[in-house]
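Notes for the structure review
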Amino acid sequence: MRDRTAGLSSAAQHALEYLVDLDERPVAARVDAADVRDALGGLFPEHGEDPTAVIDALVAGAEPGLVASAGPRHFGFVTGGALPAALAADWLVSAWDQCAAFHSLSPAAAAIEEITSAWTLDLLGLPATASVGFVTGGQGANTTCLAAARHAQLAKAGWNVEDDGLIGAPPLRILCGEQAHATIYTALRQLGLGSNTPVRIGADDQGRMRPDALRHALADMDEPTIVCAQAGNVATGAFDEFEPIADACATHGAWLHVDGAFGLWAAAAPALRHLTSGVERADSWAVDAHKWLNVPYDGAMAIVADADAHVAAMSLAGPYLVVDPGQRDNTNYVPESSRRARVVPIYAALRSLGRTGVAELIGRNCAQARRMAERLNEIPGARIVNDVVLNQVLVQLPGGDDANRAAVAAVQRDGTCWLGGTTWDDRYVLRVSISNWATTDDDVDRSADAIARAAESISSM
Ligand SMILES: Cc1ncc(COP(=O)(O)O)c(C=O)c1O
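Residues numbered from 1 in each chain as written. Predicted model: local features only at pLDDT ≥ 70, side-chain atom pairs only at ≥ 80, totals over all residues. Heavy atoms only, no water.

Some remarks on unusual backbone geometry
Test applied: Strands are runs of DSSP state E lasting at least 2 residues, helices are runs of H or I lasting at least 4, and numbering of each runs from the N terminus. A 1.4 Å probe rolled over the protein chains alone gives each residue an accessible area, and that area as a share of the maximum for its type sets the label: buried under 20%, exposed over 50%, partly exposed in between.
Backbone torsion omega between Tyr297 and Asp298 reads 0°, so that peptide bond is classified as cis. Turning to its location among the elements, Asp298 is positioned in the loop between strand 6 (284–288) and strand 7 (300–304). Residues other than glycine seldom take positive phi values, yet Asn294 does so here, at roughly 60°. Note on placement: Asn294 falls in the loop between strand 6 and strand 7. By relative accessible area, Asn294 is classed as buried at 0%.

This is the structure in structure tokens:
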């Protein structure tokens, strides 16, 4: 008799222990990859092991190399944690082991994608007729949306890029704000459009694309055009001004894509919605769930106003693939064929929070970013260099770039919290990003104290 559940109790026990300790665990990993390789590697085993023994060994070897990025004081990159309902639902994804590609393989996954799409569009104030693909992250979302844009813009010029490729295609112009996220350029590279080809539109001191510069650049063009704007700059949190950008795109028939990996969630919070004014006029939107919606990795949404362009860019067909007429085949909206039902934890997160819960989470993290900025401002000689409009804080400590780099390293060593640095306005600064459902004001204060200690420790540099 096969035991399908062997190893599960052990995994559950280890997971519970990890989660119970998460808030107080030092945030940085205790070892690097070499130690984990030593613990878990070696020659490929000749004979298999009991599932529980495998899980126990895996935990013992991997645990020191885990970063408490799901915990409340990881302020690097833009990392969310995992809401309880989302985490529990994620376990079910593995237990159910659905192939979420076709309705015929999982009517449940098809239905949950439909429901979650409708809820997300409603919550973010986007057109109810837009199509949604459940992708791995902001990168996958940007790539998928720009593939739809490439299809639509070249189709307008009489070219079928899916059938005929790019060799001999009509010219396609891409315009990006000069602060576009790195994943936009990777997407362009993956789509054969090239990362050096975009015209870079100047930005202001917060990283917002200048609408007048965009208008000026568009005026010179009559070829099919894609414009990439941004909701939430990864350093400052700033939002492009979507109304004038959408006006300019409409005048020139350009496709407007918005990378809103984390910032688009501001549309779900009444007090912050003004930041996204006009965003609904775009043609496509990328938004992560594993960041600010606090869903376990990996989950994000590629949203396209023209569902036909979305499907034309992504669809899959073949003689053995069982297609149920009139039903949603999830694969038609994403680059992959077979994949897990990653929508399930997104559904659970939205259902467990509700409209008011999402607004509260987003609003609370933004208030905590302001609190952090106030606390850091009290450090002698420190300067907040961005307008704290969202969940991002950039602080420059006294003493120049080397001192600020040393401060980042000191904070990471201290272990109370984790943050990274970035270059803003040609200066190296500390970067704090708050997007975890479990972060408390006390976590903010403890972390501000740790940053103040690091500032003190490097004050002689
Ligand atoms: C604005 C923006 N776009 C895209 C991404 C990439 O998202 P992911 O890492 O989920 O692929 C990020 C990540 O921080 C981001 O901030």
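Points about the sheet that holds strand 1 (residues 131–135)
To be explicit about the condition: Paired strands, as defined in this entry, are two strands with at least two bridges between them according to DSSP. Lines are fitted to the C-alpha atoms to define the axes, a helix being fitted only along its stretch in contact, and any angle between axes, read from their N-to-C directions, falls within 0 to 180 degrees. Any two residues having at least one pair of non-hydrogen atoms within 4.5 Å are treated as being in contact.
The seven strands lie next to each other as 1-7-6-5-4-2-3, forming an open sheet whose pairing is mixed. The open sheet has two edge strands with one neighbour each: strand 1 and strand 3 (199–201). This sheet shows a mean twist of 20° between the axes of neighbouring strands, independent of strand direction. Packing of helix 8 (residues 182–190) onto the sheet brings it into contact with strand 2 (173–177), strand 3, strand 4 (225–230) and strand 5 (255–259), and relative to strand 2 it is tilted by some 165°. Relative to strand 5, helix 10 (residues 242–252) is tilted by about 150°, and along the sheet it contacts strand 4 and strand 5.

Some remarks on the site of the ligand
Filter applied, for reference: Only a single heavy atom is needed: when it lies within 4 Å of a molecule or strand, its residue is near that molecule or strand. Between N or O atoms, a polar contact is any pair within 3.5 Å; within protein, one atom must be a potential hydrogen donor and the other a potential acceptor, and residues adjacent in sequence are included only when both atoms are from side chains. Methods summary: accessible areas were calculated by the Shrake-Rupley approach with a probe of 1.4 Å, and residue burial reflects only the protein chains presented.
The full set close to the ligand counts 15 residues, and Gly138, Gln139, Asp259, His290 and Lys291 are the nearest of them. Asp259 is positioned such that a nitrogen or oxygen atom in its side chain is 2.7 Å from a nitrogen atom of the ligand. Taking Lys291, its side chain carries an N or O atom lying 2.9 Å from an oxygen atom of the ligand. When isolated, the ligand has an accessible area of 390 Å², and the protein chains bury 84% of it. If you tally residues by element for the shell around the ligand, the top one is helix 6 (residues 138–156), at three residues.

Purely geometric stuff here, so don't read any function into it on its own.
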